[in-house]
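Read off the chains here:
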Amino acid sequence: MSSAKDGNDSKGTGVEKVMVDASPHVLVVDDSFVDRCVVSMALKHSNIRVTAVEGPKQALNFLDTEHDVKMIVTDYCMPDMTGFDLLMEVKKSPKLAHLPVVIVSSDNIPERIKMCLDGGAMDYIIKPIKIADVPRILSHI
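What counts, and at which threshold
- Residues numbered from 1 in each chain as written.
- Predicted model: local features only at pLDDT ≥ 70, side-chain atom pairs only at ≥ 80, totals over all residues.
- Heavy atoms only, no water.
- Core = buried A, V, L, I, M, F, W, Y, C linked by side-chain atoms within 4.5 Å.
- Buried < 20%, exposed > 50% of the residue type's maximum accessible area, 1.4 Å probe, protein only.
- Helix = DSSP H or I, 4+ residues; strand = E, 2+ residues; numbered from the N terminus.
- Contact = heavy atoms within 4.5 Å.
- Salt bridge = Lys/Arg side-chain N within 4 Å of Asp/Glu carboxyl O.
- Disulfide = S-S within 2.5 Å.
- Pairing = 2+ DSSP bridges.
- Right-handed = clockwise from strand over helix to strand, strands pointing away.

Ranked by size, the top nonpolar core spans 22 residues in total, and within it Leu27, Val29 and Ile72 carry the most contacts. For this core, the elements supplying multiple residues, two or more each, are β3 (25-29), α2 (56-65), β5 (69-75), α3 (83-92), β6 (101-105) and α4 (110-118). For this core, the element with the most residues is α3, which contributes four residues. If sequence neighbours within four positions are ignored, Leu27 has contacts with Thr51, Val53, Ala59, Phe62, Leu63, Val69, Met71, Ile72 and Val73. Counting residues in each nonpolar core, the second largest holds 16 residues, with Val50, Ala52, Val102 and Ile137 among its members.

As structure tokens, this is what we get:
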């Protein structure tokens, strides 16, 4: 198992990778460093290969070049683009529409949950993410 933070690379992508060989690749999107770490560590605990980025735009750029991602786990509340906006971009892209998207949020707002699920999200999970949530998340791969 190896871990690398590519934030200082020449492209300045700010992409953080946690690698586990021969396991599903999950893209984690959250503007909070702590929340990215919590979700990444919970998934890593289940031998999932994780790439963590800090926003939807970085996620879309990453997805443009990486083709082995099996799922996206994204925060809802982020600056510039919400997790719902990212979901809509993914679902309208022929290349990405097949990817399951799980939205995570500290907000338990029934209308928002319904909007995300109706928009194509596989699940909406209330933060904080716990190890016990991982099988639920992974059931969508």
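Our next topic: the pattern of salt bridges. With the rule as written, the count across this model stands at ten salt bridges. Put simply, Asp30, Asp35, Asp75 and Lys127 are held in one network by salt bridges that share partners.

Applying the stated criterion across every chain, the model contains zero disulfides. Distance from the sulfur of Cys116, which forms no disulfide, to the nearest cysteine sulfur (Cys77) is 9.5 Å. Residue classification places Cys116 among the buried residues on the basis of a relative accessible area of 0%.

Bringing the pairing of β5 into the picture now. Of all seven residues in β5, six are buried, a share of seventy percent or more. With five bridges joining them, β3 and β5 adopt parallel strand pairing. Bridge assignment links Val29 to a residue of β5, and that residue is Thr74. Alignment of β5 against β6, held across four bridges, turns out to be parallel. The residue bridging Thr74 from the neighbouring strand is Ile103, located in β6. Viewed along the sheet, the connection from β5 through α3 into β6 turns out right-handed.

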